[in-house]
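One-letter residues, chain by chain:
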Amino acid sequence: MNILEEFQNYNLLYIEDDKDLSKEAYTLFEKVFHRVYVANNGVEGLSLFKSNDIDIIISDIKMPKLNGIDMVAKIREINTSIPIILTSAYDDKYLLKNALQLNITYFIEKPYNLNELKEALSEALKLLKSLDNYFDFKDGHRFNLDNLELFHKDFPIHLMPQERKILKVLIKNHPNVVSYESLEYLLNEGEYTSKEALRVAIGALRKKIGKEKIKNR
């Protein structure tokens, strides 16, 4: 399969202040990605990232209002793992050093060709696939659905065994409502547990991931 065909289920945020280059790139990217969001500076890029479901970012470094490095730094405060490809026509070692500290997936020097873009996207795809087992809360919290570990900005958060099971069940059923009765049954593999014990565990879990993430109806 062509590497570009594998991005049909992913959304791209593309940030470039050169409007002619931006239009040219959009013509290509709209054929590759599920949805493409375009910004002309870092302020617009950060706003689009915060308000949309973005899977991968391609951004220029030299931009007005907010440069690519500063924009990425703000994005990394929210999401530490999203693949980010930076482009620049400038060989600025200081900027590149800062970029590496921000966990950049790939750097392309402009002007770049299709093969260079494919190589960058290939690295981004590897990272995307490695993240498929994670549920991203979009606020820095991520939950690994394989080993049931919770992280906030790459720092582990300790969960009790019951809390791990609760979070997995809720995520697996998201965005559907899970009744207390169903949750009691699923957690104990067919055997009911104490509703009071369940309420205590949910209360403790809400304190660790944020009260607004688990709502009662």
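Attention here is on the structure that accompanies the text.

Here the focus is the sheet that holds strand β5 (residues 106-109). Strand order across the open sheet formed by five strands is β2-β1-β3-β4-β5, with parallel pairing between neighbours. At either margin of the open sheet sits one strand with a lone partner, and together these are β2 (35-39) and β5. Each adjacent strand pair in this sheet contributes to an overall mean axis angle of 15°, direction not counted. Pairing geometry for strand β3 (residues 56-60) and strand β4 (residues 84-88), over four bridges, is parallel. Paired with Asp60 across the bridge in β4 is Thr87. Packing against the sheet, helix α3 (residues 68-78) makes contact with β1 (11-15), β3 and β4, and its axis sits at approximately 170° to β4.

A word on the side chain of Ser22. Considering the arrangement of structural elements, one finds Ser22 in helix α1 (residues 19-32). Aside from chain neighbours lying at most four places away, what touches Ser22 is Tyr14, Glu16, Val38 and Asn40.

Parameters and conventions
Residues numbered from 1 in each chain as written. Predicted model: local features only at pLDDT ≥ 70, side-chain atom pairs only at ≥ 80, totals over all residues. Heavy atoms only, no water. Pairing = 2+ DSSP bridges. Helix = DSSP H or I, 4+ residues; strand = E, 2+ residues; numbered from the N terminus. Axes fitted to C-alpha atoms, helices over the stretch in contact; angles between N-to-C directions. Contact = heavy atoms within 4.5 Å.

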